[in-house]
Amino acid sequence: MPNTLTDAPAPQWGEPAGWQLPLAQLCDSALPTGAFSHSFGLETYICEGVVDGEASFVSWLRALVSTQLTFSEGLGLRLAFEAVAADDWEAIAHLDALLVAQAVPIQVRRAGVTMGRRMLTIARLALEGTDSDGLLSRYAALADTEDTGGCRTHPAIVLAIAGYALAAPPAAVTAAYLQSSVISLTQNAVRAIPLGQDAGQRAIASVRDDVRAAVRRIGGLDETDLGAAAPGIEISQMRHERQRARMFMS
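Just so it is clear, the structure is predicted and the values come from calculations on it, not from any experiment.

A. Layout of the overall build of the chain. The helix and strand inventory of the chain stands at 13 helices and 0 strands. Computed over C-alpha atoms, the radius of gyration of the chain comes to 19 Å, within 12% of the 18 Å expected from 2.2 N^0.38 for 250 residues, which places it in the range of a compact globule. A principal-axis box enclosing the C-alpha atoms of the chain has dimensions of 60 × 55 × 30 Å. Of the roughly 12500 Å² of accessible surface on the chain, 55% is carried by carbon and sulfur atoms. Charged side chains of the chain number 19 positive and 27 negative; the gap between the two group centres comes to 8 Å.

Set out below in structure tokens:
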């Protein structure tokens, strides 16, 4: 019987693609965008006893990945990637407005704008002197005219612009963005439920296929799908604003 390990061809050693390390930096859960202070409605479910452990958290996370993260964040990123590839900055501004408008819960809307501005600042610092910096500066210039109808900013658009300029595959950028959201929310769940660290890692691993499925689905959507949401998740995000005590801003 052949030994599949010894008979396999030797792995080829090489350098990482130019986009891999910058993308990893921008999608690191430690990136100081303020994600640690947002639960996106999870805290409402925790306070009501609906999410009270690993299994119920994973169920909530799967629902979020397959709805809000697919039809707003993920689809928005793909559409922004296509717009910047076409050098269509009017489409970027239009998409920016749509992403803000479709976030019905006020805390989620504010979180998107705040985290988008922080992501834009950090990305420009991290990619200073590169083609990414030039394109991000164009988006920043649109954001600087917010008072006269300019962009509000959104982290998905920032990452799409950076990913395009780095020549990263759009599916890889989308997967990295969704995975970073999953990890940030899991870290917040570890603190808030609370979960053990091992349970948190199991939760992240258990939704890996859901992230892959979301990326595949996003590839077949169009602008008319943007903003489709799960009512229960949106309602929990709205109710969080009036919660008596809370750890998170959303």
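B. Here's a closer look at unusual backbone geometry. Cis geometry marks the peptide bond from isoleucine 193 to proline 194; its omega dihedral reads -5 degrees. The residue proline 194 is located in the loop between helix H10 (170–192) and helix H11 (197–206) in this model. One non-glycine residue, aspartate 87, lies in positive phi territory at about 55 degrees. For aspartate 87, the location among the structural elements is in the loop between helix H5 (68–85) and helix H6 (89–102). Judged by its relative accessible area of 47%, aspartate 87 is partly exposed. In the Ramachandran plot, threonine 153 falls in the positive-phi region, its phi being about 90 degrees despite a non-glycine side chain. Summarising the element assignment, threonine 153 is placed in the loop between helix H8 (131–143) and helix H9 (155–165). Judged by relative accessible area, which is 0%, threonine 153 ranks as buried.

C. Structural detail: the pattern of salt bridges. Applying the stated rule across the entire model yields 6 salt bridges. Of the charged contacts in the structure, one is a salt bridge between glutamate 54 and arginine 202, with a shortest N-O distance of 2.8 Å. In this pair, glutamate 54 is assigned in helix H4 (residues 54–66) and arginine 202 in helix H11, connecting sequence segments 148 residues apart. Between aspartate 210 and arginine 62 there is a salt bridge whose closest N-O contact spans 3.2 Å.

D. How the structure looks around the packing of aromatic side chains. For the coordinates displayed, the defined rule picks out 2 aromatic pairs. Arranged with centres 6.1 Å apart and planes meeting at 25 degrees, the rings of phenylalanine 57 and tryptophan 60 form a pair that is stacked. Of this pair, phenylalanine 57 and tryptophan 60 both sit in helix H4, 3 residues apart, which is roughly one turn of the helix. In this structure, phenylalanine 57 and tryptophan 60 share a single accessibility class: buried. Judged by centre distance (5.9 Å) and plane angle (85 degrees), the rings of phenylalanine 81 and tyrosine 164 are edge-to-face. Of this pair, phenylalanine 81 sits in helix H5 while tyrosine 164 sits in helix H9; the two residues are 83 residues apart in sequence, bridging distant segments of the chain.

E. Structural context of the side chain of arginine 78. Relative to the elements of secondary structure, arginine 78 occurs in helix H5. With relative accessibility at 14%, the residue arginine 78 sits in the buried group. Here the side chain of arginine 78 touches leucine 221 through a polar contact of 2.6 Å, landing on its backbone oxygen.

F. Main features of the nonpolar core. Grouped together as the largest cluster of nonpolar side chains are 77 residues, with contacts concentrated most on Phe57, Trp60 and Tyr139. The residues contacting tyrosine 139, other than those within four sequence positions of it, are Trp89, Ile92, Asp96, Leu120, Cys151, Thr153, His154, Ile157, Val158 and Ile161.

G. Here's a closer look at H6. Here H6 spans 20 Å end to end across 14 residues, near enough to the 20 Å set by a 1.5 Å rise per residue. Taken residue by residue, H6 has Trp89, Ile92, Leu95, Asp96, Leu99, Val100 and Gln102 as its buried positions. The backbone nitrogen of glutamate 90 lies 3.4 Å from a side-chain oxygen of the residue at the head of H6, namely aspartate 88.

Rules and cut-offs
Each residue is numbered by its place in its chain's sequence as written, counting from 1. Local features in this predicted model are restricted to residues whose pLDDT is 70 or higher, and side-chain atom pairs enter the listing and the counts only when it is 80 or higher, whereas totals over whole chains, interfaces and linings include all residues. Hydrogen atoms and water are omitted, and side-chain values are computed over all heavy atoms in the structure. Counting from the N terminus, the helices are DSSP H or I runs at least four residues long and the strands are E runs at least two residues long. Two things to know: the radius of gyration comes from C-alpha atoms, and the globule rule equals 2.2 Å times the number of residues to the power 0.38. For every accessible area listed, the method is Shrake-Rupley and the probe measures 1.4 Å; residues are considered covered only by the protein chains on display. All tallies of charge rest on Lys and Arg as positive and Asp and Glu as negative; His and the ends of each chain are not included. Taken as the charge location is NZ of Lys, CZ of Arg, CG of Asp or CD of Glu. Only protein chains enter the calculation, and the probe is 1.4 Å; a residue is then buried if its accessible area is under 20% of its type maximum, exposed if over 50%, and partly exposed in between. One speaks of a salt bridge when a side-chain nitrogen belonging to Lys or Arg is within 4 Å of a carboxyl oxygen belonging to Asp or Glu. Here the aromatic set is Phe, Tyr and Trp, taking the six-membered ring for Trp, and pairing holds for ring centres within 6.5 Å; pairs whose planes are under 30 degrees apart are stacked, those over 60 apart are edge-to-face, and all others are tilted. N or O atoms closer than or at 3.5 Å make up a polar contact, with two conditions inside protein: a donor-capable atom paired with an acceptor-capable one, and, for residues adjacent in sequence, both atoms drawn from side chains. Within this scheme, the nonpolar core is defined by two criteria: the residues are buried Ala, Val, Leu, Ile, Met, Phe, Trp, Tyr or Cys, and they are joined through side-chain atoms within 4.5 Å. Contact between two residues is taken to exist if any of their heavy atoms lie within 4.5 Å; hydrogens are not considered. One less than the residue count of a helix, multiplied by 1.5 Å, gives the span that helix is expected to have.

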